[in-house]
Amino acid sequence: MRENGHDDWKATMGRAQELLDQGRKEMAKAAEIAREKGEDALIAARKRGQEVWDEARANGMNTIDDLRDQGEEIWDDAQKAIKKHPARAIGFSILVGLVIGAFLSKDKE
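Attention in this report is confined to the structure presented alongside it. (Residues numbered from 1 in each chain as written. Predicted model: local features only at pLDDT ≥ 70, side-chain atom pairs only at ≥ 80, totals over all residues. Heavy atoms only, no water.)

**Points about the overall build of the protein**
For step 1, the next point in the chain: If you tally the helices and strands in the protein, you get two helices and zero strands.
For step 2, the next point in the chain: For 109 residues, the compact-globule formula gives about 13 Å, and the C-alpha radius of gyration of the protein, at 40 Å, lies well above that figure.
For step 3, the next point in the chain: Buried residues in the protein amount to 0% of all 109 residues.
For step 4, the next point in the chain: For the protein, the computed accessible surface area is about 10,300 Å², with 60% contributed by carbon and sulfur atoms. (Helix = DSSP H or I, 4+ residues; strand = E, 2+ residues; numbered from the N terminus. Rg over C-alpha atoms; globule rule 2.2 N^0.38 Å. Buried < 20%, exposed > 50% of the residue type's maximum accessible area, 1.4 Å probe, protein only. Areas by Shrake-Rupley, 256 points an atom, 1.4 Å probe, with all protein chains shown as cover.)

Okay, here's the thing in structure tokens:
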């Protein structure tokens, strides 16, 4: 015999406990899957970030090398021009000095 529905209540509580345990297990599985996907996404983002950084660094280094080469070429051309035309180089230097002096003297007034 049942005592005021006590057995039904126990059965219902047992079933509720089973459902709760099953829900916890499923949530743990879902959390593990989400963690794994999150880790995969983080690893992929780090990898892509490193690739972009390496590419940007390589481009920067190539640009620096190109500018250095251009600077050396300009310097060599300037030295050749000075050796070939020393009088023009002296005249140009005097002209540049006068222009700079004129700009500096205007600032003092």
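From this point, the discussion proceeds with the structure in view.
**Some remarks on the pattern of salt bridges**
For step 1, the next point in the chain: According to the stated counting rule, one finds five salt bridges in the structure shown.
For step 2, the next point in the chain: The shortest N-O distance in the salt bridge between Glu32 and Arg35 comes to 2.4 Å. Here Glu32 and its partner Arg35 are both found in helix 1 (residues 6-84), three residues apart, which amounts to about one turn of the helix.
For step 3, the next point in the chain: Classification of Glu32 by relative accessible area gives partly exposed; the value is 32%. (Salt bridge = Lys/Arg side-chain N within 4 Å of Asp/Glu carboxyl O.)

**Thoughts on a negative patch on the surface**
For step 1, the next point in the chain: A contiguous patch of negative charge on the surface is contributed by Asp66, Asp69, Glu72, Glu73, Asp76 and Asp77.
For step 2, the next point in the chain: By the secondary structure assignment, Asp66 is in helix 1.
For step 3, the next point in the chain: A residue is classified by how much of its surface remains accessible, and Asp66, at 47% relative accessible area, is partly exposed. (Patch = residues over 30% accessible without salt bridge, like charges linked within 9 Å, V, L, I, M, F, W, Y side chains within 5 Å. Lys, Arg positive; Asp, Glu negative; His and termini not counted. Charge placed at Lys NZ, Arg CZ, Asp CG, Glu CD.)

**Notes on the environment of Trp9**
For step 1, the next point in the chain: In this fold, Trp9 is placed in helix 1.
For step 2, the next point in the chain: The class for Trp9 is exposed, based on a relative accessible area of 52%.
For step 3, the next point in the chain: On a C-alpha basis, the gap between Trp9 and Ala78 in space is 101 Å, while along the polypeptide they are 69 residues apart.

**Some details on a nonpolar patch on the surface**
For step 1, the next point in the chain: A grouping of Phe92, Leu95, Val96, Val99, Ile100, Phe103 and Leu104 is seen on the molecular surface, where their side chains present a nonpolar patch of about 690 Å² in accessible area.
For step 2, the next point in the chain: Tracing the backbone through its elements, the reader meets Phe92 in helix 2 (residues 86-108).
For step 3, the next point in the chain: Accessibility expressed as a relative area gives 56% for Phe92, which makes it exposed.

**Here we look at the environment of Asp76**
For step 1, the next point in the chain: Mapped onto the secondary structure, Asp76 falls in helix 1.
For step 2, the next point in the chain: Here the alpha-carbon distance between Asp76 and Asp40, two residues 36 residues apart in the chain, equals 54 Å.

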